[in-house]
Amino acid sequence: MHDKPIIRSTSALLAEIPRLAAALEAQIDPVADAIEEAYVGDRQIFTIGNGGSASNASHFAQDLVKATVTDSLTRRIRATALTDNIAHITALANDLAYAWIFDQQLRTFGRKGDVLIAFSGSGNSPNVTMAADYARSLAGIRVVAFTGFDGGKLKTQADVNLHVPCTDMGVVESMHVL
């Protein structure tokens, strides 16, 4: 065993990749289908998450917008990371509560038929589950979840759940962007 934490963490991730990749293989098509349906219907995709999952949400939205086209003329997937507007997030957190930062943005920008892609290692982040509640029950927005651990509350709120069967947050978040 390595005595440096970063080496231990990287070694754990590398050892888990084959098992976790196999577990995710059958879960990828429903995620791709949701994204394709949003593209075909010219719907908006929103991504959310906290901490490392916020970074994953931002990166994922950028990849959908930029990395899915091969020329400058093709219509793009319309994706926005609700994690990226710091002024809006801090105003909502300050004036309302942190738990409302994604819910309130969805109420402003989301429309029926759009897709919410929610990244949450635990599946229990209040601001993520609140946004998923709004998306499903009031707005007609499809929810795609990327979860780990036991999936938490978010797995029950999602139309599609890509679940990483692991209890190491670093490994879960890494697998979400693989």
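Description of the structure in this document. The structure displayed is predicted, hence computed values, not measured ones.

## Describing helix α4 (residues 101-109)
Think of an α-helix as turning once every 3.6 residues; residues three or four places apart then point the same way. Along α4, the residues that are buried comprise Ile101, Phe102, Asp103, Gln104, Gln105 and Leu106. Those residues of α4 hidden inside the fold are in contact with β1 (44-48), α3 (86-95), β3 (115-120) and α5 (126-139).

## Re the packing of aromatic side chains
How two aromatic rings sit relative to each other is set out by the distance from centre to centre and by the angle between their planes. Evaluated as defined, the whole model comprises three aromatic pairs. Seen from their ring centres, Phe60 and Phe119 are 5.6 Å apart, and the 65° between their planes marks the pair as edge-to-face. Placement of Phe60 in helix α2 (residues 52-66) and of Phe119 in strand β3 is noted, with a sequence separation of 59 residues between them. When its relative accessible area of 18% is taken as the criterion, Phe60 is described as buried. With 5.6 Å between their ring centres and 65° between their planes, Phe60 and Phe146 make a pair best called edge-to-face. With Phe60 in helix α2 and Phe146 in strand β4 (residues 142-147), the pair connects residues that are 86 residues apart, well separated along the chain. Judged by relative accessible area, which is 4%, Phe146 ranks as buried. Joined through ring pairs, the aromatic side chains of Phe60, Phe119 and Phe146 make up one cluster. One cation-aromatic arrangement involves Arg75 over Tyr39; the distance from NZ or CZ to the ring centre is 4.0 Å.

Rules used in this analysis
- Throughout this document, residue positions are counted from 1 along each chain, in the order its sequence is written.
- For a predicted model such as this one, the threshold for reporting local features is a pLDDT of at least 70, and the threshold for listing and counting side-chain atom pairs is 80 or more; totals across whole chains, interfaces and linings nevertheless cover every residue.
- Excluded from the side-chain calculation are hydrogens and water; included are all heavy atoms of the structure.
- Exposure is judged per residue with a 1.4 Å probe applied to protein chains only, and the accessible area is read against the type maximum: over 50% gives exposed, under 20% gives buried, and values in between give partly exposed.
- Numbering of helices and strands starts at the N terminus; helices are DSSP runs of H or I of at least 4 residues and strands are runs of E of at least 2.
- Contact definition: two residues touch when any of their heavy atoms are within 4.5 Å.
- Any Phe, Tyr or Trp ring, taking Trp's six-membered ring, that has another such ring centre within 6.5 Å forms a pair; planes under 30 degrees apart are called stacked, those over 60 apart edge-to-face, and the others tilted.
- Note on geometry: a ring has a charge over it if NZ (lysine) or CZ (arginine) is within 6 Å of the ring centre and within 35 degrees of the ring normal.

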